[in-house]
Amino acid sequence: MEIERKYLVKTLPEHLEDFPSRLIEQGYLSTAPVVRVRKDGEEYYLTYKSKGLMVREEYNLPLTKESYDHLLKKADGNILTKTRYRIPLSKDLTAELDVFQGVFQGLYLVEVEFSDEGAADRFTPPSWFGREVTFSGEYQNSRLSLLSPDAIPRF
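Residues numbered from 1 in each chain as written. Predicted model: local features only at pLDDT ≥ 70, side-chain atom pairs only at ≥ 80, totals over all residues. Heavy atoms only, no water.

Time to look at the overall build of the protein. For the protein, the helix and strand inventory stands at 3 helices and 10 strands. Taking 155 residues into account, the globule formula puts the C-alpha radius of gyration at 15 Å, and the protein, at 15 Å, falls close to it. Judged by the C-alpha coordinates and their principal axes, the protein covers about 40 × 30 × 30 Å. Across the 155 residues in the protein, those meeting the buried criterion constitute 41%. For the protein, the share of sequence-separated contacts (at least 6 apart) that also reach a separation of at least 24 residues comes to 60%. A total of about 8600 Å² of accessible surface is found on the protein, and carbon and sulfur atoms cover 52% of it. One way to put it: in the protein the 21 positive side-chain charges average out to a point 3 Å from where the 25 negative ones average out. (Helix = DSSP H or I, 4+ residues; strand = E, 2+ residues; numbered from the N terminus. Rg over C-alpha atoms; globule rule 2.2 N^0.38 Å. Buried < 20%, exposed > 50% of the residue type's maximum accessible area, 1.4 Å probe, protein only. Contact = heavy atoms within 4.5 Å. Areas by Shrake-Rupley, 256 points an atom, 1.4 Å probe, with all protein chains shown as cover. Lys, Arg positive; Asp, Glu negative; His and termini not counted. Charge placed at Lys NZ, Arg CZ, Asp CG, Glu CD.)

Between Ala32 and Pro33 the backbone carries a cis peptide bond, its omega angle lying at 5 degrees. Tracing the backbone through its elements, the reader meets Pro33 in the loop between β2 (21–31) and β3 (34–40).

Our next topic: the environment of Lys73. By secondary structure assignment, the location of Lys73 is in the loop between α1 (65–72) and β7 (76–88). The exposed category is assigned to Lys73, whose relative accessible area is 75%. In sequence terms Lys73 and Ser115 are 42 residues apart; their C-alpha atoms lie 35 Å from each other.

Another point: the pattern of salt bridges. Scanning the entire structure with this criterion turns up 13 salt bridges. Where Lys49 meets Glu2, a salt bridge forms, and the shortest distance between an N and an O atom there is 3.6 Å. Of this pair, Lys49 sits in strand β4 (residues 43–49) while Glu2 sits in strand β1 (residues 2–9), placing them 47 residues apart in sequence. On the basis of relative accessibility, which here comes to 9%, the residue Lys49 falls in the buried class. Here Glu2 falls in the buried class, since its relative accessible area comes to 5%. Between Glu111 and Lys6 there is a salt bridge, with the nearest N and O atoms lying 3.1 Å from each other. In this pair, Glu111 sits in strand β9 (residues 108–113) while Lys6 sits in strand β1, placing the two residues 105 residues apart along the sequence. Counted as one network, the salt bridges with shared partners bring together Lys82, Arg84, Arg86, Glu96 and Asp98. (Salt bridge = Lys/Arg side-chain N within 4 Å of Asp/Glu carboxyl O.)

Honestly, it's all geometry; don't read function into it.
Written out as structure tokens, the structure is:
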């Protein structure tokens, strides 16, 4: 079960380069249901996500690099590339800040994962977080992957 809230980013945190980061590349084989392939550093996954916005099922299966490369060629739409920074917010919470490259250059999204819905409901975002987009779904990566180049919002 994945429980997370997602926000646009108002301003990037200072000293971003001091936080751990990794490069992520992903493509979508299906968006209903969501079936994604992802390269996360040197690890490769096939992911299934159920319907939902703040709460949904998520299953990850490991892939080999060869399987990932083969499946990525079958992905529909845009291949998303981003650098993900892990920024501690408290002893229990970490912000995962995605700085997009490629066709989404200039898009910054941040997600925070929670252990339960109550914790998610009680969360107060820090000042550098912008507008919450959890419940609109408009910034789900699977939706972004389907945008045509002329419909990609400029940030």
